[in-house]
Amino acid sequence: MQKLGNYITGNWIEGDGDGQLLYNAVTGKEFASATTKGLDFESVLDYARKKGNTALRKMTFQERGRMLRALALHLMQHKEKFYTISYLSGATKIDSWIDIEGGIGNLFSNASLRRKLPDEPFCLDGDPIALSKGNTFMGHHILVPKEGVAVHINAYNFPVWGMLEKIAVNLLAGIPAVVKPATVTSYLTEAVVKEIIASKILPEGALQLLCGSAGNILDFVNSQDVVTFTGSAYTGLKLKSHPTILGEAVPFNMEADSLNCIVLGADVEPGMPEWDIFIKEVKKEITVKAGQKCTAVRRIFVPGNKIEEMSRAIANELGKTVIGNPLNEKVRMGSLAGQDQRNEVRSQVQKLLASSQIIYGSLDSVAVLDADEKEGAFISPMLLLNENPFATETSHDVEAFGPVSTIMPYKNMDEAIELSKKGKGSLCSTIVTADPKIAKQYVLGAATHHGRILVLNEDCAKESTGHGSPLPLLVHGGPGRAGGGEEMGGLRGIRHYLQRTAIQGSPTMITAISNVYQAHAKGNDPGVHPFKKYFEELHIGDQIITEKRLITSEDIDKFAALSGDNFYAHLTATDFAGTMFEQQVAHGYFIMSAAAGLFVDSYEKNPVLLNYGIDELRFTKPVYPGSSIYIRFSCKEKTAQEMKEQNPEVPFVKGQDIPKGIVKWFVEIFDETSEAVGVGTILTMVEMKNKI
Ligand code: NAP
């Protein structure tokens, strides 16, 4: 029988003894075992910190992002192998797709985030803060990778996604991971880690794997590490209160079970598209992954006068679900992950039955296709009805981690909101309504208790990613019962692995540290006009101060005529009494255009390929005819761009793709009194001398 490997300290190592037996969830046959017995967990963490962290923290965000992309592409090439193994967990093709390709998609998404980050191992956070009248002292925030390791303790339901959605983020941030999947489905995680390690795409020490118990690993974590937990609220609380987690102030992110709900808006009637959308969404939530999703709908709230009809409609749809061996193409719902999980679901449903009744499905029997109902971990989808949802806490507290959901009536929107909150904090909630007023009332009323809210109606249902799908660019997590954690959410996610430090000093010092030009920092003489320099030749702080240009009333008239912008403030004929202005004032965009006329100097071709846009632009003082403006133009930030993939057979064709980067320029516009009248950041695309 196969014994799963643990990938630690650079080697695949089997634990001591027989280990925990792992079963094919569909046939009930044992086929592997897993154990971490005898492993030295302290050395696992040390190895990650010394090897993995040292290597990753030296890489820039761009390099780490490219590494994630390469990893995603590599795993895509091997995905069929993972599908084959995934069937052992009772997952259908669709279930496996969510787990495997959803996980790989997460790597791609995080890889793309590199475009929002600098080509540095660290980044700035937020806006600069002026701290002195004379502009010699300022503050900023810097984010640097922590010096530790991310320890991920995961649940059994998504053995691939659960790992990849987490490591994508810590690797982009620059810190290594030790992944401990739930033992029962760790065979699939092991298969993916084998591919990752074999690919040699990650630096050594960036990823280690433990298949089996987490042992005493938490005894050795420290404040530079981050521990994440996904699983039951019970285990989560135990780990969160571990003495080392508390004593060493170790960041701990918890994603626990939650009693997510869906609400049918009072406006939705049978026959409306939203009626069918609701039924479809509920069915999907009950049957996909056989309900083993942390986000699955556990509570269904429907206006009391429609509950009978809705219950019948949902039951009717559930009745069409073909359950059985996921290898059979007709099957739409597979099994639970194992017999223990089935026993657990049954015992939780028994608790729910104290206040509810089963109106569809059965606790004891289920018809299955191509499998044995008893040997495999099959269970029937179940719809429960609780007619008095305010009379009991059970329906709002007991999670049956399987294809089980309870339908409950509500009278008005206030009641629906109150019921949603009785879950004491959930990962997500959905409202199905065609009425924007109802949607707004629910979202604003229920948001405090939910990590994510989906508003479903006819407009978006077709393209909607659905109630149950956490997305890499949106936060995942929820308050209270859901663990109080937050992960993913694009750039928000990586901040969990970075130390945010306030830095104070002179603008010139902060520029030197951050490699981003700060207002009022000393500039450098670029020698030649900076537009004559290639990307590599430009230095942050390269600065020119331009000649002055007189702004005349005729200029303003011409700009109004040319642009068609005849806003009254730009017209001489206007009576300016009661306006913000004393007289005809120049258009802000004219001032910006005139600024460009001052800082762009060349009639000849130069390394600047094009104007890429404006990030920020503020007009801070009116410019009247007779004023003279001049510009301080400083090189603010540089980000190299990757070349589009080229066919090595085809010679590089100029114009198709050019080695280049984006350069941001800080533009300060002053008038004849040297007072700023405008400030902005413009972007140009600048050619590189050498291909990267
Ligand atoms: P679990 O029993 O709480 O286990 C979760 C993880 O904790 C597993 O890796 C488990 O390892 C580990 N663990 C258990 N006891 C431990 C200890 N004393 N020290 C260190 N690690 C320990 O949950 P599960 O049964 O795997 O997962 C199902 C639950 O997870 C459901 O309630 C579901 O709602 C929740 N869930 C939540 C989310 C979310 O994002 N919020 C996502 C998925 C699942 P072993 O497997 O080796 O015991």
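Before going into details, it helps to say that this report is about the structure given with it. (Residues numbered from 1 in each chain as written. Predicted model: local features only at pLDDT ≥ 70, side-chain atom pairs only at ≥ 80, totals over all residues. Heavy atoms only, no water.)

Concerning the nonpolar core
Core analysis: the largest hydrophobic core is formed by 52 residues, its most contacted members being L75, L164 and I196. Looking at this core, the elements with two or more residues in it are β5 (30-34), α2 (61-77), α3 (79-86), α4 (93-112), α5 (161-173), β10 (177-180), α6 (186-199) and β11 (207-209). Ranked by residue count, the leading element in this core is α5, at eight residues. Not counting the four nearest positions on each side in its chain, L75 is found in contact with F82, I104, L107, L164, V192, E195 and I196. Formed by 35 residues, the second largest nonpolar core is a distinct cluster that contains F531, I631, V667 and V686. (Core = buried A, V, L, I, M, F, W, Y, C linked by side-chain atoms within 4.5 Å. Buried < 20%, exposed > 50% of the residue type's maximum accessible area, 1.4 Å probe, protein only. Helix = DSSP H or I, 4+ residues; strand = E, 2+ residues; numbered from the N terminus. Contact = heavy atoms within 4.5 Å.)

Examining the packing of helix α13 (residues 413-421) against helix α14 (residues 436-446)
At a minimum axis separation of 10 Å, α13 and α14 run at an interaxial angle of 35 degrees. For the pair α13 and α14, the sense of crossing is right-handed. Taking contact as the criterion, the partners of M413, D414, A416, I417, S420 and K421 in α13 are, on α14, I438, Q441, Y442, G445 and A446. By residue class, the composition of the contact of α13 with α14 is six nonpolar, three polar and two charged. (Axes fitted to C-alpha atoms, helices over the stretch in contact; angles between N-to-C directions. Left-handed = near helix turned anticlockwise from the far one by under 90°. Nonpolar A, V, L, I, M, F, W, Y, C, P; charged D, E, K, R; others polar.)

Quick look at the pairing of strand β9 (residues 150-153)
Residues A150 and H152 point to one face of β9 and V151 and I153 to the other, with burial holding for every one of them. In the sheet, β9 pairs with strand β12 (residues 226-231) via four bridges, with the strands oriented parallel. In the strand pairing of β12, I153 is matched with F229. (Pairing = 2+ DSSP bridges.)

As for the sheet that holds strand β16 (residues 357-360)
The seven strands lie next to each other as β16-β17-β18-β15-β14-β19-β20, forming an open sheet whose pairing is mixed. The open sheet has two edge strands, β16 and β20 (450-456), and neither has a second partner. Taking each pair of neighbouring strands and ignoring which way they run, the sheet shows an average axis angle of 25 degrees. Of the strands in this sheet, β14 (261-264), β15 (299-303), β18 (404-410), β19 (426-432) and β20 touch α13, which is tilted by about 150 degrees from β18. Along the sheet, α14 makes contact with β14, β19 and β20, crossing β20 at roughly 175 degrees.

Nothing here speaks to function; it is geometry throughout.
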